[in-house]
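Architecture at a glance
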There are 2 protein chains.
Amino acid sequence: MKQEKPSLDFERVLPHVSIDCVIFGFHENQLRVLLLHWKNSHTWSLPGGRVFRDESVQAAVYRILEERTGLREVFLQQFYTFGETDRLKNTDFQAIFADFGFDLEAGNVLFDRTVTVGYYALVEYSKVRPTPDFFTDECRWWDVQELPELIFDHKEIAEKALQTLRRQLSYQPVGLNLLPEKFTMPELQKLYETILDKELDRRNFHKRMLAYGILERLEERRSGGAHKSPYLYRFDLPKYQKALEEGWKGDW
Amino acid sequence: MKQEKPSLDFERVLPHVSIDCVIFGFHENQLRVLLLHWKNSHTWSLPGGRVFRDESVQAAVYRILEERTGLREVFLQQFYTFGETDRLKNTDFQAIFADFGFDLEAGNVLFDRTVTVGYYALVEYSKVRPTPDFFTDECRWWDVQELPELIFDHKEIAEKALQTLRRQLSYQPVGLNLLPEKFTMPELQKLYETILDKELDRRNFHKRMLAYGILERLEERRSGGAHKSPYLYRFDLPKYQKALEEGWKGDW
């Protein structure tokens, strides 16, 4: 899909504030991140953008996510705001924009210091339609373990998102939006293991997950396996939502 | 201490971005928050301020904290950035600044939409010298359970900080900076109970805390008690620091 040249309405944009999104998907036992490739360059970046003056930061994130993924309903978590003075240093924005046909003055507010609010999103891989924008020619999933070079501080932003997602496992359920509607216990365990980057004991995982009371076991089993077919589960949405809001009943 | 009228150097300030601090202290078994009282008003607010153009957001927080508390070494945690469009609505900033002797135009950038980055700080109560600024006549500790009316969205900011501090208990040690250097196990337990707003089992707490390996038991005991005097502890700083960085070895 060819994207039209945007109008760059500077008056509409809130200066000095931007958004960057780390969009996680889970596919073939890999945790993946959606990245954009800039035209005529070797540069990859996180999807992101500007906040309009009449738009909340959160509304801007949903807008940007929908533009890049086609999805509106996603799990979204703000995790950190990056405020270093030299975040965008060594970048000749004027030249880059000139390449794209924009004749901007050196003092343009787009080139000025920007504080960026980082969000991560958990999305169902199969439902995403990765969509580049006018400045980029590819929107591609990358294994979180093998990210390419990223512009600015985007590597740091992606790493901090992963670190926060790991922590989320200790006080919130994770899985909805990352897994398909129906899944097996081994699939759920694999997701946890992938996020944590370590193996978990099968028995303990199974027991603990059931104890949380957020899973509903279906009558169906996954067919086609060589061994005994595993049961299918789905999340009990009201209980899952409650656990998200209240946090796990932890050990304290 | 009388504060001089500030010069309000607008050129120096990064527009559209501000900082708000929720400063927690622990005293007489209360978790307390440091608030500022605005002159000639009934208004209380969180300590906060602006970021200079040549200053990182984090450096600005340390500067503001030192101005209000006299402390430089504190535990500091960014927890959320508040980006609603109507955060500052219904406030006649022009009139307020006029009251303080500043003749500012209605279009001044100080009155424009601001996204605020929320930090919480854990400080040792007895070491803080609460210091009001030019606009305020009192800087006072309030029990977190009994906060007064606060301007803007500051109540929401304070609540979100407390919620995040609670969560921190599930993946990080808490206590350093909030407790004096030497403390008893009941005092540490009381801190946890106050943050969580619920009672904990004495035996389990004791056992779990020792298992973490971040406490050093001293030969001294707290003197003067009616019953058997409890041992004094202090944090083993390198181990505490390691636990902060790596997170608790949780159940996963």
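Residues numbered from 1 in each chain as written. Chains lettered and ligands numbered in written order. Predicted model: local features only at pLDDT ≥ 70, side-chain atom pairs only at ≥ 80, totals over all residues. Heavy atoms only, no water.

1. Structural notes on the overall build of chain A
Note the threshold: Elements are defined by DSSP. Helices are runs of H or I of four residues or more, strands are runs of E of two residues or more, and each kind is numbered from the N terminus. Three labels apply to residues, based on accessible area from a 1.4 Å probe with only protein chains included: buried if under 20% of the type maximum, exposed if over 50%, partly exposed otherwise in between. Residue contacts are defined here by distance: any two heavy atoms, one from each residue, within 4.5 Å place the two residues in contact. Each accessible area is a Shrake-Rupley result for a 1.4 Å probe, and residues are judged covered by the shown protein chains and nothing else. Neither His nor the chain ends is counted toward charge; the positive residues are Lys and Arg and the negative residues Asp and Glu. To locate a charge, the coordinates of NZ of Lys, CZ of Arg, CG of Asp or CD of Glu are taken.
Regarding its fold elements, chain A presents six helices and 10 strands. Taking the principal axes of its C-alpha atoms as reference, chain A extends roughly 65 × 40 × 30 Å. The buried share of chain A, taken over its 252 residues, is 52%. In chain A, of all internal contacts separated by at least 6 residues, the share reaching a separation of at least 24 is 73%. Total accessible area on chain A stands at roughly 13,100 Å², and carbon and sulfur atoms take up 46% of it. Of the charged side chains in chain A, 35 are positive and 40 negative, and the gap between their average positions amounts to 7 Å.

2. Describing the interface of chain B and chain A
Applicable threshold: Throughout, the accessible surface (probe 1.4 Å) given up by two parts as they are put together, summed over both, is called the buried area. Should a side-chain nitrogen of Lys or Arg be within 4 Å of a carboxyl oxygen of Asp or Glu, the pair is scored as a salt bridge. N or O atoms closer than or at 3.5 Å make up a polar contact, with two conditions inside protein: a donor-capable atom paired with an acceptor-capable one, and, for residues adjacent in sequence, both atoms drawn from side chains.
In this assembly, 40 residues from chain B lie in contact with 40 residues from chain A. For the chain B and chain A pair, buried surface summed over both sides reaches about 3,200 Å², with 56% attributable to carbon and sulfur atoms. There are two salt bridges connecting chain B and chain A. Where Asp112 of chain B meets Arg53 of chain A, a salt bridge forms, and the shortest distance between an N and an O atom there is 3.2 Å. Run the count over chain B and chain A and you get 13 residue pairs in polar contact (both at pLDDT 80 or more). The set of elements that each furnish at least two residues to the side of chain B that touches chain A consists of β1 (13-27), β4 (48-52), α1 (57-69), β5 (75-82), β6 (115-122), α4 (185-196), α5 (202-212) and α6 (237-246) of chain B.

3. Examining the environment of Ile23 of chain A
Residues and elements named next belong to chain A. For Ile23, the position within the fold is in strand β1 (residues 13-27). Ile23 sits in the buried class, given a relative accessible area of 0%. Separated by 53 residues in sequence, Ile23 and Leu76 place their C-alpha atoms 9.1 Å apart. Contact partners of Ile23, with chain neighbours within four places excluded, come to Arg32, Val33, Leu34, Pro47, Leu65, Thr69, Ala121, Val123 and Trp141.

4. Observations concerning the pattern of salt bridges
All names here are of chain A. A full pass over the atoms with the stated rule returns 30 salt bridges over all chains. Of the charged contacts in the structure, one is a salt bridge between Glu28 and Arg32, with a shortest N-O distance of 3.6 Å. Residues Arg68 and Glu67 are paired through a salt bridge, measuring 3.8 Å at the closest nitrogen-oxygen approach. With relative accessibility at 38%, the residue Glu67 sits in the partly exposed group. Within this structure, Glu55, Arg63, Glu67 and Arg68 form a network of salt bridges that share partners.

5. Digging into unusual backbone geometry
Despite not being glycine, Asp197 of chain A shows a phi value in the positive range, around 60 degrees. Note that Asp197 of chain A resides in the loop between α4 (185-196) and α5 (202-212). Residues other than glycine seldom take positive phi values, yet His16 of chain B does so here, at roughly 70 degrees. Residue placement: His16 of chain B occurs in strand β1. A residue is classified by how much of its surface remains accessible, and His16 of chain B, at 3% relative accessible area, is buried.

6. Here we look at the packing of aromatic side chains
Residue and element names in this part refer to chain B. Test applied: Only centres within 6.5 Å qualify two rings of Phe, Tyr or Trp (six-membered ring in Trp) as a pair; their planes then separate them into stacked at under 30 degrees, edge-to-face at over 60, and tilted for everything else.
Following the criterion strictly, the structure yields 43 aromatic pairs over all chains and no others. With 5.8 Å between their ring centres and 50 degrees between their planes, Phe97 and Phe111 make a pair best called tilted. Of this pair, Phe97 sits in helix α2 (residues 93-99) while Phe111 sits in the loop between α2 and β6, placing them 14 residues apart in sequence. Considered together, Phe97 and Phe111 belong to a single accessibility category, that of buried residues.

7. Observations concerning the relation of the copies chain B and chain A
Stated formally: Copies are brought into register by a least-squares superposition over C-alpha atoms of residues with pLDDT of at least 70 in both.
Aligned on chain A, chain B shows an RMSD of 0.0 Å; the corresponding rotation is 180 degrees and the shift along the axis is 0.0 Å. On this basis, the relationship between the two copies can be described by a two-fold rotation axis.

8. Focus on the domain arrangement of chain A
Residues and elements named next belong to chain A. The condition is simple: Each domain's extent is set by a domain assignment, obtained either automatically or from a database. Polar here means any residue other than Ala, Val, Leu, Ile, Met, Phe, Trp, Tyr, Cys and Pro, which are nonpolar, and Asp, Glu, Lys and Arg, which are charged; Gly is therefore polar.
Taken domain by domain, chain A holds domain 1 (10-168) and domain 2 (183-246). Across the boundary between the two partners, domain 1 contributes nine residues, which contact eight residues of domain 2. Between domain 1 and domain 2 lies a buried interface of about 710 Å² when both sides are counted; carbon and sulfur atoms form 70% of it. At the boundary of domain 1 and domain 2, one finds zero salt bridges. Going through the elements one at a time, β2 (30-38) and α3 (154-168) are the ones with two or more residues in the side of domain 1 that touches domain 2. The greatest single-element share of the side of domain 1 that touches domain 2, amounting to three residues, is contributed by α3. Within the side of domain 1 that touches domain 2, the residues separate by chemical class into five nonpolar, three polar and one charged.

9. Remarks on α5 of chain B
One side-chain oxygen of the residue at the start of α5 of chain B lies 3.4 Å from the amide nitrogen of Arg203 of chain B, identifying that residue as Asp201 of chain B. Just downstream of α5 of chain B lies Gly213 of chain B, where phi reads positive at about 75 degrees.

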